[in-house]
Amino acid sequence: MNAPQLPPDSVGIVEAKKATFTEPLPLKGGAVLPEFELVYETYGELNAARSNAVLVCHALNASHHVAGRYAEDPASIGWWDNLVGPGKPLDTRKFFVLGSNYIGSCFGSTGPASLNRATGRPWGADFPVVTVEDWVAAQARLADHLGIERFAAAIGGSLGAMQALQWTLSFPERIRHSIVIAATPKLSAQNIAFNEVARQAIMTDPDFHGGHYYEKGVVPRRGLRIARMIGHITYLSNDAMMEKFGRLLRNKAGFGFDFDIDFEIESYLRYQADKFADYFDANTYLRITKALDYYDPAAAHEGDLAAALAPAKASFLVVSFTSDWRFTPSSSRAIVRALLDNRRIVSYLEIDAPHGHDAFLMDDPRYFGALRAYFDNIVR
Amino acid sequence: MNAEQRALLAARPDLVAIARWVAPGARVLDLGCGDGALLKYLWQEKGAYGYGVEIEDASVLACVRNDVNVLQLDLESGLSAFRDGSFDCVILSETLQAIRHTEELMREMLRVGHEAIVSFPNFGHWQARLQVALGRMPVSKELPYPWYDTPNVHLCTLEDFADLCRRLGVKILERLVLDRGHAVNLLPNLRGSLAVFRLGRAAP
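A short tour of the structure in this document, coming up. (Residues numbered from 1 in each chain as written. Chains lettered and ligands numbered in written order. Predicted model: local features only at pLDDT ≥ 70, side-chain atom pairs only at ≥ 80, totals over all residues. Heavy atoms only, no water.)

1. Points about the overall build of chain A
And then number 1: On a plain count of helices and strands, chain A comes out with ten helices and 14 strands.
And then number 2: For 380 residues, the compact-globule estimate of 2.2 N^0.38 gives 21 Å, and chain A sits close to it at 21 Å.
And then number 3: In terms of overall dimensions, chain A has a C-alpha envelope of 65 × 60 × 50 Å along the principal axes.
And then number 4: Sequence-distant contacts in chain A: of pairs separated by 6 or more residues, those separated by 24 or more amount to 72%.
And then number 5: Here chain A displays about 16000 Å² of accessible surface, and carbon together with sulfur accounts for 53% of that area.
And then number 6: Between the centroid of the 38 positive side chains of chain A and the centroid of its 43 negative side chains there is a distance of 3 Å. (Helix = DSSP H or I, 4+ residues; strand = E, 2+ residues; numbered from the N terminus. Rg over C-alpha atoms; globule rule 2.2 N^0.38 Å. Contact = heavy atoms within 4.5 Å. Areas by Shrake-Rupley, 256 points an atom, 1.4 Å probe, with all protein chains shown as cover. Lys, Arg positive; Asp, Glu negative; His and termini not counted. Charge placed at Lys NZ, Arg CZ, Asp CG, Glu CD.)

Right, dumping it as structure tokens:
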């Protein structure tokens, strides 16, 4: 059987690459990573002036596999394939697009499941808690490795947006534009509470073994499943859920009067949870939620976000979605206000979309139209 | 001036006055900025730089296309995104009549800007008065909407606006009244169809 033809605006068959860094990486938490690897993918060509590179930063459960698909798996479409490709808003005929993974991930970069040379065993629970700042520092090494002195832009949604923002603070000279989507400059108490429930679900799973479950040959699946269910609920709006599932029953005959699946939403959550537990690592999940909780650039400036964003030199496009109750438009407006206080170049879009936090992954014509126009102006 | 700019100024005579009153290199905030044409013009012709505020999706997208800084915010909830005195000039061109919280916005404009420029259709124009006298709601080039389908909620005359400025302690620095693109000096509240005011904070 032949593989299905890829559409002409796809970047096509892609391969992940891996870069190794032997110089130790000091982390914000005080630990030092003696060496590390980062996996990444690239699409398009770096121009002679090396001025057309765009960094795509991924969020919690995505990876460096942004666009295209792998040769061996027709279903392995990149997570932002609707954005990136020849003729798409982030046009790979004009830009050299870099999808970078981060340290602590379970998708091939150095993380909790990697071998700790000091012990000869997987890092497991001993892998340090990493931060958004650490991720950006590691990505800067990758940029050096690829010969990218300065990115035309960094773009990301949610946790990816935190990286796109942090790039402008950690390396102001190395980034011309930052596209910050469905973002927050810090998590709210409610956000942290959801993350803590997810962590508790994982850490109280009997198969967790204090994080050293690799050696036991088990996976804390139950905890991961519940963590994913909680996360998933917060990515969708109530309206979007009602639209998609409402109170639809799995069995049209009526309630089962037991604790099996009655409602379609239950079935959906269980399916998402199973899928997630098959590919995601619990130790990674713990660390990423901590990185989210810790991110707060204003904290070092007595809560003054404007002071925190003062080093930024980039131009900004900030986008929020009205139905996003996880990272609300008011969180994005706080970023905009701080940028205005610093007289930065900034545009702000508040898209009236019903999908909740996940709206940043949808190709709403207003949202994608603006991204296309913005990228067209960058390249001009 | 390029063809695009000439077309813009022909279509919106108030923009000529606004552009003349904006100092070179000024920091400007354009409220209800549409597709950002005025901001682009002020940047290209005067090196005046700033941001537009707009609520309509299509206009916001047009601003991004025009490479104009645009902020998708609702003017009715005030200008809390902007610090006191952070702009040399705040512009509200042909938008005043569609604002609900008029007094609040006027105060806000002169909080964040040292000066404000406001243009609006003059409801005191003789054509409007005639139409009302004949028992009809006015419809004209400046007021093109039928009464049942109009964004306009606060129409006023030159004198009404001057009253509001006095009430709010706003100083009228300059005034230009236009009809079909030409300045009107004689009987402006009767003969002018469009008014442009340059406003400042009253001395404390």
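After that view of the structure, there is still more to cover.
2. What about the pairing of strand 4 (residues 87–93) of chain B?
All names here are of chain B.
And then number 1: Along strand 4, six of the seven residues are buried, which leaves the element largely enclosed by surrounding structure.
And then number 2: In this structure, strand 1 (residues 27–31) lies alongside strand 4, joined through four bridges in parallel fashion. Its bridge partner lying in strand 4, Asp30 is registered against Ile91.
And then number 3: Examined bridge by bridge, strand 4 and strand 5 (residues 113–121) share six bridges and lie parallel to one another. Bridged to Leu92 within strand 5 is Val118. (Buried < 20%, exposed > 50% of the residue type's maximum accessible area, 1.4 Å probe, protein only. Pairing = 2+ DSSP bridges.)

3. Things to note about the pattern of salt bridges
Residues and elements named next belong to chain A.
And then number 1: Inspection of the entire model under this criterion finds 28 salt bridges over all chains.
And then number 2: Glu173 is the salt-bridge partner of Lys313, the closest N and O atoms lying 2.7 Å from each other. One end of the pair, Lys313, is in the loop between helix 8 (305–308) and strand 13 (315–321); the other, Glu173, is in the loop between helix 2 (159–170) and strand 12 (175–181), and 140 residues separate them in sequence.
And then number 3: A salt bridge links Asp274 to Arg221, with the shortest nitrogen-to-oxygen separation between them at 3.7 Å. (Salt bridge = Lys/Arg side-chain N within 4 Å of Asp/Glu carboxyl O.)

4. Re the packing of helix 1 (residues 3–11) of chain B against helix 3 (residues 37–46) of chain B
Residue and element names in this part refer to chain B.
And then number 1: Taken N-terminus to C-terminus, the directions of helix 1 and helix 3 make an angle of 125°; their axes are 11 Å apart at the nearest point. Between helix 1 and helix 3, the interaxial angle falls into the category oblique. The crossing of helix 1 and helix 3 is left-handed. Note on element contacts: helix 3 touches helix 1 through Ala37, Leu38, Lys40, Tyr41, Gln44 and Glu45, opposite Glu4, Gln5, Leu8 and Leu9.
And then number 2: Looking at the contact of helix 1 with helix 3 residue by residue, the classes come out as five nonpolar, two polar and three charged. (Axes fitted to C-alpha atoms, helices over the stretch in contact; angles between N-to-C directions. Parallel < 35°, antiparallel > 145°, perpendicular 65-115°, else oblique. Left-handed = near helix turned anticlockwise from the far one by under 90°. Nonpolar A, V, L, I, M, F, W, Y, C, P; charged D, E, K, R; others polar.)

5. Points about the nonpolar core
And then number 1: Among the nonpolar cores identified, the biggest contains 177 residues, and Trp80(A), Ile155(A), Ile181(A) and Phe82(B) are the most heavily contacted of them.
And then number 2: Considering each element in turn, this core owes the most residues, eight residues, to helix 10 (residues 365–379) of chain A.
And then number 3: Those residues in contact with Phe82(B) that sit more than four places away from it in its chain are Leu340(A), Leu29(B), Val53(B), Leu71(B), Leu73(B), Phe87(B), Arg111(B) and Val112(B). (Core = buried A, V, L, I, M, F, W, Y, C linked by side-chain atoms within 4.5 Å.)

6. Considering helix 9 (residues 329–341) of chain A
All names here are of chain A.
And then number 1: End to end, helix 9 covers 18 Å across 13 residues, agreeing with the expected 18 Å (1.5 Å per residue, within 8%).
And then number 2: Within the span of helix 9, buried status applies to Pro329, Ser331, Ser332, Ile335, Val336, Ala338, Leu339 and Leu340.
And then number 3: At the exit of helix 9 stands Arg343, carrying a positive phi of roughly 55°. (Expected span 1.5 Å × (residues − 1).)

7. Topic: the interface of chain A and chain B
And then number 1: Across the boundary between the two partners, chain A contributes 21 residues, which contact 20 residues of chain B.
And then number 2: Both faces combined, the contact of chain A with chain B buries some 1700 Å², and carbon together with sulfur accounts for 54% of it.
And then number 3: Connecting chain A to chain B are two salt bridges.
And then number 4: Across the pair Asp341(A) and Arg83(B) runs a salt bridge, and its minimum N-O distance is 3.0 Å.
And then number 5: Where the side of chain A that touches chain B is concerned, the elements lending two or more residues are helix 9, strand 14 (346–351) and helix 10 of chain A. (Buried area = accessible area lost by both parts, 1.4 Å probe.)

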